[in-house]
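As a plain string of letters, each chain reads:
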Amino acid sequence: VAEVPRPGRVEFRQFGGPPLALRALMDGERPVTILVVDDSAPVRGFVVDCLRKSGFAVTEATSGSDALRFVADHPDLVVLDVSLPDIDGFEVCRKIKADPASASIPVLHLSGVYRAGQDKARALEDGADGYLSQPVSPEELIATVKTLLRVRRAEQESEERFRLLVDSAAVLVS
């Protein structure tokens, strides 16, 4: 089992600019919310601490069934352990991605047990948007989370531009 840094001893350098959640509030948007799913309290605490120190709003779950219930609240991203007590993280991810209401939510797997290349490949082929092995540094975790959120925001903006283009074309044709 990989040793996880204790949340109370995490040293974290904040990346430039205001935290994402604060920027979202300043822009009139809702704060960025991340669902963290891990049955290990020390690991979950480490991840939650890193995310909160970066200004994210965090919801916590300890099982796959809880994760699927909380996904209905539409978090902006899910950090998902692979080894969960009831439903493994691979299956939770497949269910999130199979549901049209949640399919666009980025899923980042984080595991200290499933660390082999084939495990990572399986997760990504099953729909995960990223995969990190424990132990992970706070900087790598936050950089990966921000990258996945940036990609999702770009996808949303592209979809919006496409809808505007289609709507404009319909007006021009009529």
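Bear in mind that the values here come from a model prediction, so they are computed numbers and not experimental data.

Visitor: What is the right way to look at the packing of helix 3 (residues 64-71) against helix 4 (residues 89-98) in this model?
Guide: Two quantities define a packed helix pair, namely the angle between the axes and the distance from one axis to the other. Where helix 3 contacts helix 4, the two axes come as close as 10 Å, and the packing angle between them is 20°. In terms of orientation, helix 3 and helix 4 fall into the roughly parallel class. As helix 3 packs across helix 4, the resulting crossing turns out to be right-handed. Contacts between helix 3 and helix 4 involve Gly64, Ala67, Leu68 and Val71 on the former and, on the latter, Val92, Lys95 and Ile96. In the contact of helix 3 with helix 4, the residues fall into five nonpolar, one polar and one charged.

Visitor: How should the nonpolar core be read in this particular structure?
Guide: Generally speaking, soluble globular proteins have nonpolar side chains that are buried together. Ranked by size, the top nonpolar core spans 22 residues in total, and within it Ile34, Val47, Leu51, Val79 and Val145 carry the most contacts. Listed by contribution, the elements that provide at least two residues to this core are strand 1 (33-37), helix 2 (41-53), strand 3 (77-81), strand 4 (107-111) and helix 6 (138-173). Sequence-distant contacts of Leu51, defined by excluding residues within four places in its chain, comprise Ile34, Val36, Phe56, Val58, Ile142 and Val145.

Visitor: Please clarify how the environment of Leu108 should be interpreted in this entry.
Guide: Along the chain, the position of Leu108 falls in strand 4. The class of Leu108 is buried, set by a relative accessible area of 0%. Counting along the chain gives 21 residues from Leu108 to Asp129, while the straight-line C-alpha distance between them is 5.8 Å. The residues touching Leu108, leaving out its near neighbours within four places in the chain, are Val78, Val79, Leu80, Gly130, Tyr131, Leu132, Leu141, Thr144, Val145 and Leu148.

Visitor: Any chance you could explain the sheet that holds strand 1 here in plain terms?
Guide: Hydrogen bonds along the backbone pair up the strands of a sheet, which may run parallel or antiparallel. A sheet is described by the order of its strands in space; here five strands give the open sequence 2-1-3-4-5, paired in parallel fashion. Whereas interior strands pair on both sides, the edge strands pair on one side only; in this sheet they are strand 2 (57-61) and strand 5 (130-133). Across the sheet, the axes of successive neighbouring strands diverge by a mean angle of 20°, strand direction being ignored. Here five bridges tie strand 1 to strand 2, and the two strands are oriented parallel to one another. Along strand 2, the bridge assignment pairs Val36 with Glu60. The sheet strands contacting helix 2 are strand 1, strand 2, strand 3 and strand 4, and the helix crosses strand 2 at an angle near 165°. Against the sheet, helix 4 contacts strand 3 and strand 4, and its axis sits at roughly 180° relative to strand 4.

Visitor: So what exactly am I meant to see when it comes to the environment of Ser63 here?
Guide: For Ser63, the location among the structural elements is in the loop between strand 2 and helix 3. Classification of Ser63 as buried rests on a relative accessible area of 9%. Not counting residues up to four positions away in its chain, the partners in contact with Ser63 are Val37, Leu84, Pro85 and Asp86. Here Asp66 takes part through its backbone nitrogen, which lies 3.1 Å from a polar atom of the side chain of Ser63.

Visitor: Whenever I open this one, the confidence of the model for the protein confuses me. Can you help?
Guide: Note that predicted coordinates carrying low pLDDT should not be read in detail. Across the protein, pLDDT averages 84, with 80% of residues at or above 70. This model gives residues 1-18 a pLDDT under 50, and the stretch forms 34 contacts once residues within four places in sequence are excluded.

Visitor: Help me understand the pattern of salt bridges in this model?
Guide: A side chain with one charge can pair with a side chain of the opposite charge if their charged atoms come near. Applying the stated criterion across every chain, the model contains eleven salt bridges. Ionic pairing is found between Lys53 and Asp49, a salt bridge with its closest N-O pair at 3.5 Å. Of this pair, Lys53 and Asp49 both sit in helix 2, four residues apart, which is roughly one turn of that helix. When its relative accessible area of 36% is taken as the criterion, Lys53 is described as partly exposed. The network of salt bridges with common partners includes Glu91, Arg94, Arg122 and Asp126.

How each quantity is defined
Along every chain, residues carry numbers that run from 1 in the direction the sequence is written. This being a predicted model, a pLDDT of at least 70 is required before a residue's local features are given, and a value of 80 or more before pairs of side-chain atoms are given or counted; all residues contribute to the totals for chains, interfaces and linings. Heavy atoms throughout the structure, all of them, feed into the side-chain values; hydrogens and water do not. The convention used is that axes are lines fitted to C-alpha atoms, helices contributing only their stretch in contact, and that angles between N-to-C directions extend from 0 to 180 degrees. Every helix listed is a DSSP run of H or I at least four residues long, and every strand listed is a run of E at least two residues long, numbered separately from the N terminus. When an angle is under 35 degrees it counts as roughly parallel; over 145 it counts as roughly antiparallel; between 65 and 115 it counts as roughly perpendicular; any other value is oblique. Crossings are assigned a handedness: left-handed for a near helix turned anticlockwise from the far helix by less than a right angle, right-handed for a clockwise turn. Any two residues whose heavy atoms approach within 4.5 Å are treated as being in contact. Each residue is assigned to one class: nonpolar for Ala, Val, Leu, Ile, Met, Phe, Trp, Tyr, Cys and Pro, charged for Asp, Glu, Lys and Arg, and polar for all the others, Gly among them. Only buried residues count toward a nonpolar core. Its members are Ala, Val, Leu, Ile, Met, Phe, Trp, Tyr and Cys residues joined through side-chain atoms within 4.5 Å. With a 1.4 Å probe rolled over the protein chains alone, any residue whose accessible area is under 20% of its type maximum counts as buried; one over 50% counts as exposed, and the rest are partly exposed. A pair of strands counts as paired when DSSP detects no fewer than two bridges linking them. In protein, a polar contact means a hydrogen-donor-capable atom and an acceptor-capable atom, both N or O and within 3.5 Å, with residues adjacent in sequence counting only if both atoms are side-chain atoms; elsewhere, any N or O pair within 3.5 Å suffices. How sure the predictor is of each residue is captured by pLDDT, a score from 0 to 100. In the sections that follow, a salt bridge refers to a side-chain nitrogen of Lys or Arg positioned within 4 Å of a carboxyl oxygen of Asp or Glu.

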